[in-house]
Amino acid sequence: MSIEQNHRSKVKKTIDRLIEFGREPKRLIYVTSQTIGTYDREEEFLTDKYNVFIRIRDGKWILSNLNHSEATKKAYYTHLERYTDFLNDLNKGNNVKLSANISHPSVYVFLQQQVENREKDKNLVKTVADSLILWALNDTDPDENRFMTQTDIMESIRNNIPWAKNIVGGMLSSRLKALVSKGGIGGKKVNYHKKGDKYCLPYETRVIIANEKGEDESVQIDVIDEICSMETLADFEPEDKKLVAKVSIRTAQLFFEKEGLNCSSFLNGKESEKDSFIENTVYDRTSDALNELVESEGERDRFCPIICEIVRKMFYQSTISQRALLTKFSRTYVLLFTLQAEPRVVEYFQKATANFRLLVGTDLIIRAISERFLSEENQMTRNLFKIANAAGITLYLTEPALDGVIKHLIVTDNEYKNHIQPRESYLTVDLIRESSQILIRTYYHAKIEGYTKSWPGFVSEFITYSQLHNAPGREEFKTYITQQFGMEYISSEELQEKTSPKDVKTLSNEIIDLKKGNKSLADAVSLTINSVYGQRIANKEYSTFPEYGYQTWWLTQESRVQKHTSEIVKKNGAKFIMRPEFLLSFFSLSPSVRDIRESYKTIFPSVMGIQMGNRLPDELFHKVLEQVDIWKEQEDGRVAAKTRALCDRLKSEHYDENANSNMIDHILNELESA
């Protein structure tokens, strides 16, 4: 990689240098920020001249491939963004640069909502799931023999909001049971028909939905009629009037797609100096709608100023029907927002994770090993590691973690030889599930499914069984973990370079009882924790990534140690553990910006999309808008500080009981029930 302008000279110097050090280069990829006009000819010329296969990646190539995939975007966020941010401010004189994450409410409100869900309103996700289930059942009617199975419900949700399956899928069964129960919140909301294992909405609910549907259609018709009767359209042909009305409504919808929270807050009557977005962007939104719906450039030019004025009036001087329609758009947007369907939020988490350095805990490595023989879709921990690698997140296998995994293997081996093997012929699946060792449970699943025939054969999938207790086996196992899971190894000596021996000893003494008097284990945990704080200081993470929080964490499900580390957390001002659920919920299972845009195009223009908003509880709708009001009243510096704090709290405190359970135990449960 080079910024040297003479590319021929740089290639020659590189090849000469490699040869000087005894290398025999066969292939060379030259990456430069410069633009090389006929790079294909240059590749041929240099390849022939030096007998080395040359490929050139110049500035134009970088620009054209920067948005190629999520991985290339991550590479930009990680390595280039901080060097190009100044371009946003070239025309702003000496003004202080204001991040979009601070100047827009989306990220702040979403983070606040998620933290409150964890601490206070723990029913948020359940409420959203219930809303989507009821919406999916909209057209059911037992009199017309229109029912839906659980699979039908999930398919309906997935077809319209593809990523929602990640949120609703795991709780669909339990939420249906709650909605069917008369003792549930708000009473019975869904009818269950045992014959055919099908669901439908109760008669009372169907009546309400039928009335809502009629009202939704009527409101749109009223707004179209109002626009068609405006004096500014008096000389237009009837078809042109209808087209102008259609484009005007689509323009209003695009406002919610682009500025949903701000639009919703504006309609709620809370104006502020930050509410100039309608006037500032009405031309852009109108142009987008015209390009989408009107083919003739001449007609687009003729309609544009008129539609801009119509849309301004829809927001600033709404009729009753126009305000009702805009409010329905608002409710649909807020429901989608709670599902993370906001591009700004998705991009925030992409940037927040771009520079993560995660010390992977022993427990997660053992869990990944236990998933060896599961189907790919059930390899939750392994898939998490793959996604992290693809995104550019750095995963570290620390020496303490490696020692911990090897000790776990040795303990498990001893338990098998001393307690399991002598009784193996008498064991049932039920008894296997009682074993405290996850790898013994994994072994029997693998044996039942025919993946292995013996315990030594099973262990040898990861480390040569005869070398389990020897130093060569340790090196072999280290290579397996780093290569299989895409981790970098970091020794205890390297960890100690960023820590204070006194701090490590102090914390070790405080947690030694927790580790049942095992000093080496207490020392290992203390070193890991202290190295997290040491890395943060060494990398200047507080100043480098102010809105995204800290980048170095201990990735683990460990929880008991937190009860004994309040002093070190207080001293350093932040926690040290990141929950894997954070990466699952807000990164690996989150929608892409493209998914969101495509769903918007389907949902907002339709009556179906409006009906989705009808299922949103009023309490949740107003709670989101209240958070926007709080954001408006705070100074930018305060928003930045709270955004950082909220993000770090989610990293360390986000906990999902379902995600915390071992997948191998789910599989064994299924075997037992079968």
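Residues numbered from 1 in each chain as written. Predicted model: local features only at pLDDT ≥ 70, side-chain atom pairs only at ≥ 80, totals over all residues. Heavy atoms only, no water.

1. A short note on the overall build of the chain
Per the secondary structure count, the chain includes 36 helices and ten strands. When burial is assessed residue by residue, the chain has 50% of its 674 residues classed as buried. Look at the contacts in the chain between residues 6 or more apart in sequence, and 73% of them connect residues 24 or more apart. A total of about 33,500 Å² of accessible surface is found on the chain, and carbon and sulfur atoms cover 49% of it. (Helix = DSSP H or I, 4+ residues; strand = E, 2+ residues; numbered from the N terminus. Buried < 20%, exposed > 50% of the residue type's maximum accessible area, 1.4 Å probe, protein only. Contact = heavy atoms within 4.5 Å. Areas by Shrake-Rupley, 256 points an atom, 1.4 Å probe, with all protein chains shown as cover.)

2. Some thoughts on the packing of helix H13 (residues 238-267) against helix H15 (residues 297-316)
At a closest axis distance of 9 Å, the pairing of H13 and H15 adopts a crossing angle of 50°. Between H13 and H15, the angle is such that the two are oblique. The element H13 and its partner H15 pack so that their crossing is right-handed. Taken together, the residues of H15 that come into contact with H13 (itself represented by Asp240, Leu243, Val244, Val247, Ser248, Thr251, Ala252, Phe255, Phe256, Cys263, Phe266 and Leu267) are Glu299, Arg302, Phe303, Ile307, Ile310, Val311, Met314, Phe315 and Tyr316. Its residues assigned to classes, the contact of H13 with H15 comprises 16 nonpolar, two polar and three charged. (Axes fitted to C-alpha atoms, helices over the stretch in contact; angles between N-to-C directions. Parallel < 35°, antiparallel > 145°, perpendicular 65-115°, else oblique. Left-handed = near helix turned anticlockwise from the far one by under 90°. Nonpolar A, V, L, I, M, F, W, Y, C, P; charged D, E, K, R; others polar.)

3. Focus on helix H8 (residues 124-136)
Between the first and last C-alpha of H8 there are 19 Å, a value that for 13 residues agrees with the 18 Å anticipated at 1.5 Å per step. For H8, the tally of buried residues reaches ten of 13 residues, placing the bulk of the element in the interior. Looking at H8, one finds that the buried residues are Leu124, Val128, Ala129, Asp130, Ser131, Leu132, Ile133, Leu134, Trp135 and Ala136. (Expected span 1.5 Å × (residues − 1).)

4. Let's talk about the sheet that holds strand E4 (residues 191-193)
One open sheet holds the three strands; their spatial order is E3-E5-E4, and the pairing between them is antiparallel. Each end of this open sheet is capped by a strand with a single partner; those strands are strand E3 (148-149) and E4. The sheet contact formed by E3 and strand E5 (residues 198-200) spans two bridges and is antiparallel. Within the sheet, the bridge partner assigned to Thr149 lies in E5 and is Lys198. (Pairing = 2+ DSSP bridges.)

5. Quick notes on the layout of surface pockets
Estimates place the volume of the second largest pocket at around 1,200 Å³. Around the second largest pocket, the lining comprises 37 residues; the ones closest to its centre are Thr362, Asp363, Lys515, Glu558 and Arg560. For the lining of the second largest pocket, the elements supplying multiple residues, two or more each, are strand E6 (357-360), helix H18 (362-370), helix H20 (399-420) and helix H27 (519-538). With seven residues, the single largest contributor to the lining of the second largest pocket is H20. For the lining of the second largest pocket, the class distribution of residues is 14 nonpolar, 15 polar and eight charged. (1 Å grid on protein atoms, 1.4 Å probe; cavity = no way out; pocket = protein on both sides within 12 Å on 5 of 7 lines; lining within 4 Å. Points joined across faces, edges and corners; volume = space filled by probe spheres on them.)

6. A word on the pattern of salt bridges
Counted according to the given criterion, the structure contains 32 salt bridges. The residue Glu155 makes a salt bridge to Arg158 at a minimum N-O spacing of 2.5 Å. Residue Glu155 and its partner Arg158 are both found in helix H9 (residues 150-160); the two are separated by three residues, about one turn of the helix. Classification of Glu155 as partly exposed rests on a relative accessible area of 35%. Judged by its relative accessible area of 32%, Arg158 falls in the partly exposed class. Glu257 is the salt-bridge partner of Arg250, the closest N and O atoms lying 2.9 Å from each other. (Salt bridge = Lys/Arg side-chain N within 4 Å of Asp/Glu carboxyl O.)

7. Overview of the environment of Ile529
When you line up the elements, Ile529 lands in helix H27. Sequence separation between Ile529 and Thr499 is 30 residues, and the spatial gap between their C-alpha atoms is 9.5 Å. Setting aside chain neighbours within four positions, we find Ile529 in contact with Leu507, Trp554, Val561, Thr565, Ile568 and Phe576.

8. Some words on the side chain of Thr565
Relative to the helices and strands, Thr565 resides in the loop between strand E9 (552-555) and helix H29 (566-572). A distance of 3.2 Å separates a polar atom in the side chain of Thr565 from the backbone oxygen of Val561. Not counting residues up to four positions away in its chain, the partners in contact with Thr565 are Leu507, Ile529 and Phe576. (Polar contact = N/O pair within 3.5 Å; in protein donor to acceptor, adjacent residues only side chain to side chain.)

9. Quick notes on the nonpolar core
Judged by nonpolar contacts, the single largest core of 150 residues is most densely connected at Ile153, Phe315 and Phe477. Among all residues touching Phe315, those that are not within four sequence positions of it are Ala252, Phe255, Phe256, Cys263, Phe266, Leu267, Ile278, Arg323 and Leu326. Counting residues in hydrophobic clusters, the runner-up holds 20 residues, among them Leu507, Ala522, Leu527 and Val569. (Core = buried A, V, L, I, M, F, W, Y, C linked by side-chain atoms within 4.5 Å.)

10. Side note on unusual backbone geometry
Even without glycine at this site, Asn145 takes up a positive phi of about 60°. When you line up the elements, Asn145 lands in the loop between H8 and E3. The backbone of Gln340 shows a phi angle near 70°, a positive value even though the residue is not glycine. With respect to the helices and strands, Gln340 occurs in the loop between helix H16 (320-338) and helix H17 (343-353).

11. As for the packing of aromatic side chains
For the structure on display, the rule yields 29 aromatic pairs. On the basis of an interplanar angle of 10° and a centroid distance of 6.2 Å, the ring pair of Phe477 and Tyr480 is categorised as stacked. Pair noted here: Phe477 and Tyr480 are both in helix H24 (residues 471-485), with a separation of three residues, about one helical turn. An identical accessibility class is assigned to Phe477 and Tyr480; each is buried. The aromatic ring of Phe236 is capped on one face by Arg302, whose charged end is 4.9 Å from the ring centroid. (Phe/Tyr/Trp six-rings, centres within 6.5 Å; stacked < 30°, edge-to-face > 60°. Lys NZ or Arg CZ within 6 Å of the ring centre and 35° of its normal.)

Read these as spatial facts, not as claims about activity.
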